[in-house]
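Understanding the architecture of this molecule
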Amino acid sequence: MTATTDLTLDVAAIRRDFPILEREVHGKPLVYLDNAATSQTPRQVLETLDHYYRHYNANIHRGLHTLADEATAAYEATRETVRRFLGAGQAREIVFTRGTTEAINLVVHSWGRHNLGPGDEVLISRLEHHSNIVPWQLLAKERGFTIRVIPVDERGALDMAAYRDLVGERTRLVAVNHVSNAFGTINPVAEMARIAHEQGALILVDGAQAAPHEPVDVVAIDADFYAFSGHKVYGPTGAGALYGKAHLLEAMPPWQGGGEMIRTVSFEEGSTFADVPHKFEAGTPSVADVIALGRALEWVDEIGIALIRDWEHGLLAHAHRELGRIDGLHILGTAPQKAGVVSFVVDGAHAQDIALLIDQLGVAIRTGNHCAQPLLHHFGVEATCRASFAAYNTPEEIDIFVAALTRVIGMVR
Ligand code: PMP
């Protein structure tokens, strides 16, 4: 039972949903603070996966037998769950993908390849994850359009004045994350969408780090495309989704060919394609993972994403306060609007050494460039340590983390 009627989250009950939180690492209780990379999975989601494989594992959309019918119904029911989770108008605006990376690549290769050419501009921000940079670079080489970069200020917030200047009549699409995985900055995506639309440009929002932490409403944002990954929002790996406005998806050509996505195939006359969204779902999808993703989103709903956001904001404030007491520790990313991610460097201590040693004390944090090299280089660093929070983390865990960090810094300095 995880639902709370309270105004604060029942974290003890939530923790009981996560069997992995009971394990030890190097003889110490696990303190898992790498949620921006992947979140842990509640038993309800594990049970959904188990139930699927035990009772109705079958390929979808093609069978005329009971198991195939049941699997298809559960898969399509998840489309409706995702629609609700994102606030989309229609279930057919939801395309299942392996995750955010694949969702962005779908837009790049389907919409991008057919709409971009010399003289066109795509705006991306310096805060982007490589998955919202590299696919555009690959296509720019092929199609000859220009990528322009929205700068950030010293706090890691987007420079909105510069953004307004950059958006112009050549801009065809703005691709920006809702929440930065490296710094936790929450970007004003609704305002950015309005500015893009005024100039006739589309906006693609990478919601990988927003979906787990912030209420999302793609209609209120007026996003043209919105991508997220299930494994960062308490679901399994292998399933995520792309939201796209129906009229855009309808006008876009398929990007991968195969079974499931066709209406007719003929050697003489070529092929015709299925309706949206099936046109974009070639081959057998991760059926079990998609169904379990639906259960994960229901789990989030049972708790309430607004409660999760508020809880994580409390954890973030606590972490900022406690880390701020450590001599020589510098937090990167201090934008006024932040989700539960804190990135930092420590004078005289390599990020990698810190992460390896702190793991010995049972604390899992991430170190490296967080797939955001242009951002880190801009701030003059190759790597940071990053702690990122989820609904099951507690202030006590942050205290354990800060105490462990203090010990480790003493060892390496
Ligand atoms: N965008 C952002 C902001 C991310 O944090 C991540 C994952 N770190 C991705 C995209 C890529 O997600 P995935 O690997 O699940 O496709």
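Here the residue index of a chain counts from 1 through its sequence in written order. Totals for whole chains, interfaces and linings use every residue, but because this is a predicted model, local features are given only for residues with pLDDT of at least 70 and side-chain atom pairs only at 80 or more, for both listing and counting. Computation of side-chain values covers all heavy atoms of the structure but excludes hydrogens and water.

As a further point, take the overall build of the chain. Secondary structure is summarised from DSSP: a helix means a run of H or I of at least four residues, a strand means a run of E of at least two, and numbering begins at the N terminus for each. Each helix and strand counted, the chain has 14 helices and 17 strands in total. Taken over C-alpha atoms, the radius of gyration comes to 22 Å for the chain, in line with the 22 Å a tight globule of 413 residues would show. If you line up the chain on its principal axes, its C-alpha atoms span 75 × 55 × 35 Å. Here the chain, with 413 residues, has 58% of them falling under the buried criterion. Contact criterion: two residues are considered in contact whenever any of their non-hydrogen atoms come within 4.5 Å of each other. Of the contacts formed within the chain by residues at least 6 apart in sequence, a portion of 71% connects residues at least 24 apart. Roughly 16900 Å² of accessible area belongs to the chain as shown, and the carbon and sulfur atoms make up 51% of that amount. Seen as two clouds, the 35 positive and the 51 negative side-chain charges of the chain have centres 3 Å apart. Radius of gyration here is computed from C-alpha atoms only, and the compact-globule reference equals 2.2 Å multiplied by the residue count raised to the power 0.38. Burial classification: accessible surface area is computed with a 1.4 Å probe over protein chains only, and a residue below 20% of its type maximum counts as buried, one above 50% as exposed, and the rest as partly exposed. All accessible-area figures derive from a Shrake-Rupley calculation using a 1.4 Å probe, and residue coverage is judged against the displayed protein chains alone. His residues and chain termini do not enter the charge count, which takes Lys and Arg as positive and Asp and Glu as negative. Lys charges are placed at NZ, Arg charges at CZ, Asp charges at CG and Glu charges at CD.

This next bit is on the sheet that holds strand E4 (residues 94-97). If you trace the 7 strands from one edge of the open sheet to the other, you get E4-E10-E9-E8-E7-E5-E6, paired in mixed fashion. Where the open sheet ends on each side, the last strands, each with one partner, are E4 and strand E6 (146-150). Sheet twist, expressed as the average angle between the axes of neighbouring strands with direction ignored, equals 20°. Inspection of the sheet shows strand E7 (residues 171-177) paired to strand E8 (residues 202-206) by 5 bridges, in the parallel sense. In the sheet register, Leu173 faces E8, and the bridge partner there is Leu202. Comment: axis = line fitted to C-alpha atoms, over the contacting stretch for helices; angle = value between 0 and 180 degrees taken between N-to-C directions. Across the sheet, helix H3 (residues 66-86) touches E4, strand E9 (225-229) and strand E10 (240-244), and the angle it forms with E4 is around 115°. Whether two strands pair depends on DSSP finding at least two bridges between them.

In this scheme Phe, Tyr and Trp rings, the latter by its six-membered ring, pair at centre separations within 6.5 Å, and the angle between planes marks the pair as stacked below 30 degrees, edge-to-face above 60, and tilted otherwise. Following the criterion strictly, the structure yields 11 aromatic pairs and no others. Measuring from ring centre to ring centre gives 6.1 Å for Tyr234 and Tyr392, while their planes differ by 75°; the resulting arrangement is edge-to-face. With a gap of 158 residues between them, Tyr234 in the loop between E9 and E10 and Tyr392 in the loop between strand E17 (384-388) and helix H14 (395-412) connect regions that are remote in the sequence. For Tyr392, a relative accessible area of 0% corresponds to the buried category. By way of ring pairs, the aromatic residues Phe18, Tyr234, Trp299 and Tyr392 are connected into one cluster.

Salt bridge, as used here: a side-chain nitrogen of Lys or Arg that lies within 4 Å of a carboxyl oxygen of Asp or Glu. Throughout the structure, instances matching the rule amount to 23 salt bridges. Residue Arg54 pairs with Asp50 through a salt bridge whose shortest N-O separation is 2.7 Å. In this pair, Arg54 and Asp50 both sit in helix H2 (residues 43-56), 4 residues apart, roughly one turn of the helix. The class for Asp50 is partly exposed, based on a relative accessible area of 39%. The partner of Arg79 in a salt bridge is Glu281, and the shortest N-O contact between them spans 2.8 Å. Note that Arg79 is positioned in helix H3 and Glu281 in the loop between strand E12 (270-273) and helix H10 (287-303), a separation of 202 residues in sequence.

With that settled, consider the site of the ligand. As a matter of local geometry, the ligand sits amid Thr100, Thr101, His129, Ser131, Asn181, Asp206, Ala208, Gln209, Ser229, His231 and Lys232. Between N or O atoms, a polar contact is any pair within 3.5 Å; within protein, one atom must be a potential hydrogen donor and the other a potential acceptor, and residues adjacent in sequence are included only when both atoms are from side chains. Thr100 is positioned such that a nitrogen or oxygen atom in its backbone is 3.4 Å from an oxygen atom of the ligand. Lys232 is positioned such that a nitrogen or oxygen atom in its side chain is 2.8 Å from a nitrogen atom of the ligand. Its free accessible area being 400 Å², the ligand has 85% of it covered by the protein chains. A single heavy atom is enough: if one lies within 4 Å of a molecule or strand, its residue is considered near that molecule or strand.

With that settled, the discussion passes to unusual backbone geometry. With an omega of 5°, the peptide bond running from Val276 to Pro277 counts as cis. Phi at His26 is positive, roughly 50°, even though this residue is not glycine. For His26, the position within the fold is in the loop between strand E1 (24-25) and strand E2 (28-29). The exposure class assigned to His26 is partly exposed, which follows from its relative accessible area of 45%. Positioned with a positive phi, Tyr234 is a non-glycine residue whose angle comes to about 70°. On the accessibility criterion, Tyr234 (1% relative accessible area) is buried.

Vacant regions in the atomic arrangement are exposed by a probe of water-molecule size rolled over the atoms. Looking at the largest pocket, its volume works out to about 340 Å³. Each cavity reported here is a set of points on a 1 Å grid over the protein atoms alone in which a 1.4 Å probe fits but cannot get out, each pocket an open set with protein on both sides within 12 Å along at least five of seven lines, and each lining residue one with an atom within 4 Å of a point. Lining the largest pocket are 22 residues, and of these Thr101, His129, Ser131, His231 and Lys232 lie nearest its centre. Among the elements that take part in the lining of the largest pocket, helix H4 (residues 100-115) stands out by supplying 3 residues, more than any other. For the lining of the largest pocket, the class distribution of residues is 5 nonpolar, 11 polar and 6 charged. Annotation comment: domain bounds sourced from an automatic or database domain assignment. The two domains that each donate at least three residues to the lining of the largest pocket are domain 1 (4-42 + 304-412) and domain 2 (47-301). Grid points are joined across faces, edges and corners, and a volume is the space filled by probe spheres set on the points. Only Asp, Glu, Lys and Arg are considered charged in this grouping, and only Ala, Val, Leu, Ile, Met, Phe, Trp, Tyr, Cys and Pro are considered nonpolar; every other residue, Gly among them, is considered polar.

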